[in-house]
Amino acid sequence: MTALPWDLQLLNTLAALLLLLSFAMLSQRRIVSLVNLLALQGALLVVATLLLAWRTGDRHLYVSATLTLGLKVFFLPWLLHRLIRRLGVYWDTEPLLNITATMLVGVLIVIFSFGLAQPISALASTATRNSIGIAVAVILIAFLTMITRRKAMSQVVGFLSMENGLFFGAMSATYGMPMIVELGVALDVLVAMLVLGVFFFQIREQFDSLDLKNLESLKEDQ
Amino acid sequence: MNPFDWLVQLLGIALALIAAPVFLGWVNKCRAWLQNRSAPSVWLPYRGIRKLFHKEAVIAENASRLFRLAPYVVFGAMVTAAAIIPSIATRLPITQAADAIALVGLLATARVFLSLAAMDVGTAFGTLGARREMMIGFLAEPALLVVIFVVSLACATTALPMIAERLSAQALSLTPSLAFTAVAFTMVLLAENARIPVDNPATHLELTMIHEALLLEYSARHLALMEWAAALKLFNYACIGFAVFIPWGISTGNSATSLAESVALLGVKLLVAGFGLAFIETVSAKLRVFRAPEFLATAFLFAVLGLLVRLLLGS
């Protein structure tokens, strides 16, 4: 076994921790902890971006690290915590699939994304190309988190975690997206979050709960 | 075979037999310190075993031969396991004779006999303990196997001494797959040795207990052997952990100086590991029995994640 340079070792470790956090989010039932895990995932992303920026000397990666720090580590979790407090939702109801089964599906997803990412990794020329599989897995697991939850709040957290995975994928495949795309995505996420925050109140006012099951029935049926 | 190697092998087994109760005593002592209690002597497990050997054995009327046989089988399995695990040196005759999968099988044999003996007399407590033990076992075993697969994948062998040699020769590096599996292994160790998040080793006659319930019908020399075997099991697990995760300093040649160094380092590792174990037990609370599968599923998940990360990132 040849030893990797230490920064690549650290990046691999960060990638592995991101995957671990995705699984932690998949199993977490308390919404407050879910938001904290999201903030932690953002923080890991910031460290990974900074490390990559230092390694490649790419100026714009520093900017995107700052953006991630501000948006995903501080602002969005703060906003979510405020919403949780004001809406009074602390627990998600029992997920649609039980935890152990969800975990097993998660493991299958990781295997699937590994297969999916292998040809892409073979084509990429970056030093972090092995992490593409992990990024795909983070995206799909976040998707699974959204599918298995009923409360609108946890679905939004899943959505944001998906965005984290996407960001990490872009970083490991091509050392980050072009600045303009990154700014656009950040703005999109921010606006989506603000709009969803308003939505939450509307949903609750209409149905007296944040359970999305209510949205499935048509008005005429009631 | 070199007679010196056999001598070292015998020395290793003797060391395991002697060190196991002291290690248990050390864990108990650290636990008492951390919980602000006055600590019992580290030799207490010895005194217990000696006292039990001097007592007259009482055996239930309807106990079959299996009940008498089980302590010797369990103790024998643990001693064999201690011989297989490379604790002080890797180039030893018995240590090289079996691989890690055989070792897991050996530990499973001990568990089966322990559970059968507990059910043999037909008391409610014994049966209850046996069932719980099997439940924990069937969840912990796959996790342990996956842990071994991860290191086997990294070293291209399932033989523990080879694994220890390859890993100790390798330069120090940050390996996420090994870190994950180390967490998984620690959780399996806690569950398999009836330590706190899963079972409480300090209680008797409590509805949540597992290990003590298995031994309720035993007395005198049988009980002494069972308790010694339990101490050996903890020691064995600790040594598997050392061989796989912190193998540095293990003797790979057959010189007396490297051997002495290896024994001294083993002592240091045991002291640190014992304190760590006591610390984990102090900061965590006992789980309800029904939550134990979740605990072990988490261990399994960590191990599988280690395996996947190993395959994905190659580190």
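Once a new chain begins, its residue numbering starts again from 1 and follows that chain's sequence as written. Labels follow written order: the first chain is A, the first ligand is 1, and so on. Local features are withheld for residues below a pLDDT of 70 in this predicted model, meaning they are given only at 70 or higher, and side-chain atom pairs are given and counted only at 80 or more; totals for whole chains, interfaces and linings count all residues.

## As for the overall build of chain A
Item 1. Think of it this way: any DSSP run of H or I at least four residues long counts as a helix, any run of E at least two long counts as a strand, and we number them from the N terminus. The secondary structure content of chain A amounts to seven helices and zero strands.
Item 2. Radius of gyration here is computed from C-alpha atoms only, and the compact-globule reference equals 2.2 Å multiplied by the residue count raised to the power 0.38. A compact globule built from 222 residues would reach a C-alpha radius of gyration of about 17 Å, and chain A, at 18 Å, matches this within 12%.
Item 3. In terms of overall dimensions, chain A has C-alpha extents of about 65 × 35 × 30 Å along its principal axes.
Item 4. Residues are called buried when their C-beta atom has 20 or more other C-beta atoms within 10 Å, exposed when it has 12 or fewer, and partly exposed otherwise; all C-beta atoms are positioned from the backbone. In chain A, which comprises 222 residues, the share counted as buried stands at 38%.
Item 5. C-beta atoms are first placed from the backbone for all residues, and any pair lying within 7 Å is then listed as a contact. Looking at chain A alone, contacts between residues at least 24 apart form 74% of all its contacts between residues at least 6 apart.

## Topic: the interface of chain B and chain A
Item 1. Across the boundary between the two partners, chain B contributes 17 residues, which contact 22 residues of chain A.
Item 2. Of the residues forming the side of chain B that touches chain A, the biggest block, nine residues, is contributed by helix α11 (residues 292–313) of chain B.
Item 3. Among the residues forming the side of chain B that touches chain A, the class breakdown is 13 nonpolar, four polar and no charged. Three categories are distinguished: nonpolar for Ala, Val, Leu, Ile, Met, Phe, Trp, Tyr, Cys and Pro, charged for Asp, Glu, Lys and Arg, and polar for the others, with Gly belonging to the last.

## Overview of the nonpolar core
Item 1. Here a nonpolar core is just a set of buried residues of the types Ala, Val, Leu, Ile, Met, Phe, Trp, Tyr and Cys, joined wherever their C-beta atoms sit within 7 Å. Core analysis: the largest hydrophobic core is formed by 158 residues, its most contacted members being Leu19 of chain A together with Phe23, Ala143, Val188 and Ala303 of chain B.
Item 2. With 18 residues, helix α9 (residues 220–245) of chain B is the largest single contributor of residues to this core.
Item 3. The contacts of Leu19 of chain A, once residues within four sequence positions are left out, are Ile134, Ala137 and Val138 of chain A together with Leu305 and Val309 of chain B.

## Concerning the packing of helix α5 (residues 124–155) of chain B against helix α7 (residues 176–192) of chain B
Residues and elements named next belong to chain B.
Item 1. Angles here are taken between N-to-C directions and fall from 0 to 180 degrees, while the axes themselves are lines fitted to C-alpha atoms, restricted in helices to the stretch in contact. It is at 9 Å that the axes of α5 and α7 come closest, and there the two elements cross at 150°. Considering their axes alone, α5 and α7 lie roughly antiparallel with respect to each other. When you trace α5 past α7, the crossing you get is left-handed. Residues Ile136, Ala140, Ala143, Leu144, Val147, Val150 and Val151 of α5 pack against Ser177, Thr181, Ala184, Phe185, Val188, Ala191 and Glu192 of α7. Orientation labels follow simple angle bins: below 35 degrees gives roughly parallel, above 145 gives roughly antiparallel, 65 to 115 gives roughly perpendicular, and whatever is left gives oblique. Left-handed describes a crossing whose near helix is turned anticlockwise from the far helix through less than a right angle; right-handed describes the clockwise counterpart.

## Re the packing of helix α1 (residues 3–34) of chain B against helix α10 (residues 256–283) of chain B
Residues and elements named next belong to chain B.
Item 1. The N-to-C vectors of α1 and α10 enclose an angle of 30°; their axes lie 9 Å apart at closest approach. One way to sum up the angle between α1 and α10 is to call them roughly parallel. Helix-helix and strand crossings are classified by hand; for α1 and α10 the assignment is right-handed. Taken together, the residues of α10 that come into contact with α1 (itself represented by Val8, Ala19, Phe23, Trp26, Val27, Cys30, Arg31 and Leu34) are Leu259, Leu270, Leu271, Gly274, Phe275, Leu277, Ala278, Phe279, Glu281 and Thr282.
Item 2. Considering only residue class, the contact of α1 with α10 consists of 14 nonpolar, two polar and two charged.

## Focus: the environment of Gly105 of chain B
Residue and element names in this part refer to chain B.
Item 1. Looking at where Gly105 falls in the secondary structure, it is placed in helix α4 (residues 100–120).
Item 2. Judged by the 12 C-beta atoms lying within 10 Å of it, Gly105 falls in the exposed class.
Item 3. Considered as a pair, Gly105 and Ile210 are 105 residues apart in the sequence and their alpha carbons are 21 Å apart.

## Focus: the confidence of the model for chain B
Detailed reading of predicted coordinates is not advised where the pLDDT is low.
Residues and elements named next belong to chain B.
Item 1. Looking at chain B as a whole, its pLDDT mean stands at 84, while 97% of the residues score no less than 70.
Item 2. What pLDDT reports is the predictor's confidence in each residue, on a scale of 0 through 100. Predicted confidence in chain B is weakest over helix α8 (residues 211–214), with a mean pLDDT of 78, and strongest over helix α3 (residues 65–84), with 89.
Item 3. If you check the scores for this complex, the pTM reads 0.83 and the ipTM reads 0.74.

## Some points on the confidence of the model for chain A
Item 1. Predicted confidence across chain A gives a mean pLDDT of 82, with 94% of residues reaching 70 or more.
Item 2. Helix α5 (residues 132–148) of chain A holds the highest mean pLDDT among the elements of chain A, 89, whereas helix α7 (residues 179–207) of chain A holds the lowest, 80.

## Description of α7 of chain B
Residue and element names in this part refer to chain B.
Item 1. Counted at 1.5 Å a residue, the expected span for α7 with its 17 residues is 24 Å, and the 24 Å between its end C-alpha atoms agrees.
Item 2. The element α7 is extensively covered by neighbouring structure, given that 15 of its 17 residues are classed as buried.
Item 3. In the segment just after α7, Ala194 is the residue with positive phi, at about 55°. One fewer than the residue count of a helix, multiplied by 1.5 Å, yields its expected span.

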